[in-house]
Amino acid sequence: MVLFTKNRTGRKPFTVLCSLILIIMATSCTTQSIEDTVNSLYEKMTKEERLAQLQSIYIQNLFDKDGNLDTARCTELIPHGIGHCSQFALNSPVGPNKLRDMVAQLQDWLKNNTTTGIPALPHEEVLSGIDALGATVYPQQIGLACSFNTDLAEQKTFQTATQLRRIGGIQALSPMVDVCRDPSFSRLEESYGEDAYLSAALGTAFVKGLQHGNLKEGVAACTKHYLGYGGGGEAEEKELMEEILLPHETAIRLAGSKTVMPGYHAFKNVKCVANKFLLDSILRNYLHFDGIIVSDYGAIEQIDDNLNDIQRAATALNAGNDVDFPEGTNYVHLHDAIAQGFVSEKTLETAVKRVLKHKADLGLLDKTPYLYDKGDIKWDTPEERQTAYQLATQSVVLLKNNGILPLKQESGSLPKDSVKIALTGPNANTMWAMLGDYTFQAMSFFWKQRIIDDKHPQIVNLRMGMQSRLPKGFTLNYSRGCDWTETVETVVEQSGDPRVAYLKDIQNRMIDSGEKADMNEALKIAAESDVIIAAMGENAILCGENRDRIHRRLPGKQEEFVKQLIATGKPVVLVIFGGRAQIISSIEKDCAAIIQAWYPGEEGGNALADILYGNVSPSGKLSVSYPGEEISGKVCYNTSVQQDPRIAWPFGFGMSYTTFEYSNIKVDATAGTNAENFNVSADITNTGSYSGDEIVQLYVSPTGNNKNLRPIQMQGFARISLKPNEKKTVKFNVSPQQLGYYDKGQWNIAPGTYTIKLGASSTDIKGQGDITLTGEAQTMPLRTNYFTKVCQ
């Protein structure tokens, strides 16, 4: 009916109808063509060639020390082809052109020397940029989440995918979209924090940027670690389906993510890689996911000690896991599993065809597939560094400021003629303050015992940034003061990636700073200064995958050192680096200012210097609840409208050098339960003297005895830039579906009254209004509207 109404283009209705029919036919033909191609190819393949598509190999096993393909090794190891190449860039510490040349040699050999001619699918980690020598290192995910900037997050992964595809990388094993509610979780840094909405928004942006809107040009994303890793593995059904699942759901349904990786953990006492309820009932049947499921490295080996290799391989495949990473050592037994009746031929066929379809979607089965670039490849371009810098400035969170910041002579807190800054601490003059886990540098050090310098790319540490941007009339004096730790504090965990068991002397490893730590010297410099910058926190060996510490206070003697710095009587600005919150309650009250810098990436030193000197106003907001004491177990702001007394700074909190006023807050009074959206708006005014960004946060709370919703839940945010005295109106379009809840296998929207809140954090609510949903209760299998639309 709608097809025959007048259209905006002015074309005749019949023309519009014909055009739509042609589009539908073309889409149908494309889908049918891929299906026909896959079916035809499968029928021509031997059983060995089929199985090879479910396996992977480390690419360096096929090359000599000079980077030349060893064709004899190829004939020996992959005579039937190979489906995937594992971490091809991390394991080959060479530049982009040599990486591309290696991939090109392998792909050309596969096309010309195997019966099927099917290219492999090289994959790499891209959490904070490509895990490769010389590639741009962006801020770690937990810090990026504090930017609340989906546009910049998408720009970052668009750049990453462009460069990865140029060297032949076609599949990423990122993003991690786990909703992490354990503040002590050693892999918290890889996540977007504790909130499902924020994690979903940023995870979806990650996928959109990475895949370029066209898999034949972009890189396939992989959401992990499905489902409930980092504090959600024992969630009840309601929390699981409404919150823990949400980032995977939106990445799949809104951004078209076609790869999922189950976690190492167990859900309801069944390992996720072998959990048919998670992989089949929820992922395939509920979400209608039609992509591939790939195991985390070595996860199939951990399924059940009571099973043999054949049974474990069959269990994983029967549960729905398609591909065995990193080397297919488990799925090599699948033919035996079929012969012994543990798995059917049809199940194997389904998995192989999923991989072939995935390759077809990526263009690998085309006559002229885009497998790599042929020209000279340059990494870490000025545009990429600028994105890294912008994200770093927006990721930093100012937790406390008594007026000492920014460091300006006219501030009244510092001398007007000359200012002496004392810079100290283990994270002041090192690249390890900038780089988290899953960067090339950290992965090389932990897994390969390789020491990577700070020149490829150039990592700007805090000292470098502060010195290069030092204002006129300031001097900067440095002494390290103390090490991260004096003894080994790292506890290497055997759970998770099983490769850790083969690392030599890993339990006793520490990072060598390469410089002297003289506490007395640092204290003397501090006492003679006007202000002290104390750069403390963790590093990549103290926290990350398979490694942790037994407490969450500052490592080693750092806390003691900060207390001695405070005792000098000079104002101390504490800058904390790392991938999770540190317990600093014993020193917080005596610090003049506190900055949570996370791992801010290669431009972190410049970004922090600009914030310290007042060139940029801090704007990051916490993506986690920041504890003031050791907490064991889950924490999330949405369990109560009252702040948890154990929390020092709440979710969404972050200070600025300027101030903002919220006014004229409006919420539509009513909307139908089946309405497209309702409106919320507010005027935001910069009432201070600095230009700055405010992150306006929208929360929903139930009224009365409504127990279907959390007491408070983020359902939108807007990042706005304002000059002094400037005012902007922020408008939100909220879907009634965002006020719904999961029950009995479906999404429900109930009529009733709900409170919409706007605030500067989850506890700093600036105003609110009620919306009454009218009409009949609505039910639907899945939500269709997930995110609030923002208009400025």
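Here, the structure is the one placed above.
The model shown is predicted, which means the values in this text are computed figures rather than measured ones.

Participant: What is the right way to look at the overall build of the chain in this model?
Facilitator: Looking only at helices and strands, the chain features 20 helices and 31 strands. When the backbone C-alpha atoms are referred to their principal axes, the chain occupies close to 80 × 70 × 55 Å. Of all 792 residues assigned to the chain, the portion counted as buried reaches 61%. Sequence separation of 24 or more characterises 78% of the internal contacts of the chain that already satisfy a separation of 6 or more. Counting every atom, the chain has about 29200 Å² of accessible surface; 49% of that belongs to carbon and sulfur. Where the 78 positive side-chain charges of the chain centre and where its 91 negative ones centre are 5 Å apart.

Participant: Can you walk me through the packing of aromatic side chains in this structure?
Facilitator: Any pair of aromatic rings gets described here by the distance separating the centres and the angle formed by the planes. Scanning all chains against the criterion turns up 15 aromatic pairs. Ring geometry for tyrosine 657 versus tyrosine 690: centroids 5.9 Å apart, planes at 55 degrees, classification tilted. A residue pair is termed long-range when its members are at least 10 positions apart, and tyrosine 657 in the loop between strand S19 (647-649) and strand S20 (660-667) and tyrosine 690 in the loop between strand S22 (678-686) and strand S23 (692-702) qualify at 33 residues. Residue tyrosine 657 is classed as buried on the basis of its relative accessible area of 10%. Put simply, the rings of Phe148, Tyr197, Tyr637, Phe651, Tyr699, Phe717 and Phe787 touch in pairs and so form one group of aromatic residues. Lying across the ring of tyrosine 42, arginine 50 places its NZ or CZ 3.9 Å from the centre.

Participant: Can you help me understand the nonpolar core in this one?
Facilitator: Soluble globular proteins tend to pack their nonpolar side chains together in the buried interior. If you look at the biggest cluster of nonpolar residues, it comprises 132 residues, and the most contacted ones within it are Leu405, Leu407, Ile421, Leu462, Met466, Ile533 and Leu574. When residues no more than four places from it in sequence are discounted, the contact partners of leucine 462 are Leu423, Asn427, Ala428, Met434, Ile533, Ala535, Phe577, Gly605, Leu608 and Leu612. Counting residues in each nonpolar core, the second largest holds 58 residues, with Leu69, Ala145, Phe148 and Phe651 among its members.

Participant: So what exactly am I meant to see when it comes to unusual backbone geometry here?
Facilitator: Negative phi is the rule for most residues except glycine; trans is the rule for most peptide bonds. The omega torsion of the bond from leucine 405 to proline 406 falls at 0 degrees, within 30 degrees of zero and hence cis. With respect to the helices and strands, the residue proline 406 is situated in the loop between strand S10 (397-401) and strand S11 (419-424). Look at the link from histidine 456 to proline 457: it is a cis peptide, with omega at 0 degrees. Along the polypeptide, proline 457 turns up in the loop between helix H15 (440-448) and helix H16 (462-468). Positive phi, normally seen in glycine, also occurs at asparagine 546, with a value near 70 degrees. Relative to the assigned elements, asparagine 546 resides in the loop between strand S14 (531-537) and strand S15 (547-548). Since its relative accessible area comes to 4%, asparagine 546 is described here as buried.

Participant: Can you help me understand a negative patch on the surface in this one?
Facilitator: Together, Glu234, Glu236, Glu237 and Asp743 give the surface a local cluster of negative charge. Along the chain, aspartate 743 turns up in strand S26 (residues 741-743). Looking at aspartate 743, the relative accessible area reads 35%, which means it is partly exposed.

Participant: Just to check I follow, could you spell out the sheet that holds strand S12 (residues 474-479) for this structure?
Facilitator: Hydrogen bonding along the main chain pairs the strands of a sheet, whether they run parallel or antiparallel. In space, the six strands of this open sheet follow the order S10-S17-S16-S14-S11-S12, with mixed pairing throughout. Bordering the open sheet on either side are S10 and S12, each of which pairs with just one other strand. Strand-to-strand, the axes of this sheet are offset by a mean angle of 20 degrees, without reference to chain direction. As judged from the five bridges shared by strand S16 (residues 572-577) and strand S17 (residues 593-598), these two strands associate in the parallel manner.

Participant: Help me out: how do you make sense of the pairing of strand S6 (residues 259-262) in this one?
Facilitator: In regular strands, side chains alternate between the two faces of the sheet. Covered by surrounding structure in S6 are Thr259 and Met261 together with Val260 and Pro262, the residues of both alternating faces. Across three bridges, strand S5 (residues 223-226) lies against S6 in parallel orientation. Pairing of lysine 224 across the sheet is with methionine 261, part of S6. Two elements, S6 and strand S9 (residues 292-293), share two bridges in a ladder whose sense is parallel. Paired with threonine 259 across the two strands is isoleucine 292, which belongs to S9.

Participant: What is the right way to look at the pattern of salt bridges in this model?
Facilitator: Two side chains of opposite charge can pair, provided their charged atoms sit close to one another. Per the stated rule, a full pass over the model turns up 45 salt bridges. Note that arginine 385 and aspartate 380 form a salt bridge whose closest N and O atoms lie 2.7 Å from each other. Arginine 385 gets classed as buried once you look at its relative accessible area, which sits at 16%. Put simply, arginine 499 and aspartate 497 hold a salt bridge, and the shortest N to O gap is 2.6 Å. Among the charged side chains, a salt-bridge network with shared partners connects Glu489, Glu538, Asp548, Arg549, Arg552 and Arg580.

Participant: Please explain the side chain of serine 617 as it appears in this structure.
Facilitator: By the secondary structure assignment, serine 617 is in the loop between helix H20 (604-612) and strand S18 (626-627). Classification of serine 617 by relative accessible area gives buried; the value is 10%. One polar contact links serine 617 to serine 656, side chain to side chain, over a distance of 2.9 Å. When near neighbours in sequence (up to four residues on either side) are disregarded, serine 617 contacts Ser656, Tyr657, Thr658, Ser691 and Gly692.

Participant: In this structure, what is going on with the sheet that holds S20? I would like to understand it.
Facilitator: What the four strands build is an open sheet, ordered S20-S22-S25-S31; its pairing is antiparallel. Where the open sheet ends on each side, the last strands, each with one partner, are S20 and strand S31 (789-791). The sheet shows a mean angle of 20 degrees between the axes of neighbouring strands, direction not considered. One ladder, built from three bridges, connects strand S25 (residues 727-734) with S31; its direction is antiparallel.

Here is what the cut-offs are and how they apply
- What you see as residue numbers is a count from 1 along each chain, following the sequence as written.
- Given that the model is predicted, a residue must reach a pLDDT of at least 70 before its local features are reported, and side-chain atom pairs must reach 80 or more before they are shown or counted; all residues, however, enter totals for whole chains, interfaces and linings.
- Hydrogens and water molecules were not included; the side-chain quantities draw on all heavy atoms of the structure.
- Per the convention used, a helix needs a DSSP run of H or I reaching at least four residues, while a strand needs a run of E reaching at least two, with both numbered from the N terminus.
- Relative accessible area decides the class of each residue, using a 1.4 Å probe on protein chains only: under 20% of the type maximum gives buried, over 50% gives exposed, and in between gives partly exposed.
- Only heavy atoms matter for contacts: two residues are in contact if any of them lie within 4.5 Å across the pair.
- What sets the accessible areas is the Shrake-Rupley method with a 1.4 Å probe; for residues, cover comes only from the shown protein chains.
- For the charge count, each Lys or Arg is scored as positive and each Asp or Glu as negative, with His and the chain ends excluded.
- Where a charge sits is defined by one atom per residue type, namely NZ (Lys), CZ (Arg), CG (Asp) or CD (Glu).
- Ring geometry is summarised as follows: Phe, Tyr and Trp rings, the Trp one being its six-membered ring, pair when their centres sit within 6.5 Å, and such pairs are stacked at plane angles under 30 degrees, edge-to-face over 60 and tilted between the two.
- Definition used: whenever NZ (Lys) or CZ (Arg) falls within 6 Å of the ring centre and also within 35 degrees of the ring normal, the charge is taken to sit over that ring.
- Definition of nonpolar core: a set of buried residues of the types Ala, Val, Leu, Ile, Met, Phe, Trp, Tyr and Cys, connected through side-chain atoms within 4.5 Å.
- Patch membership requires over 30% relative accessible area and the absence of a salt bridge. Like charges are linked within 9 Å, and nonpolar side chains (Val, Leu, Ile, Met, Phe, Trp, Tyr) within 5 Å.
- Only one rule defines a salt bridge in this text: a Lys or Arg side-chain nitrogen within 4 Å of an Asp or Glu carboxyl oxygen.
- Two strands pair under a simple rule: DSSP has to find at least two bridges between them.
- Interaxial angles span 0 to 180 degrees and are taken between N-to-C directions of axes, which are lines fitted to C-alpha atoms, for helices over the stretch in contact.
- N or O atoms closer than or at 3.5 Å make up a polar contact, with two conditions inside protein: a donor-capable atom paired with an acceptor-capable one, and, for residues adjacent in sequence, both atoms drawn from side chains.

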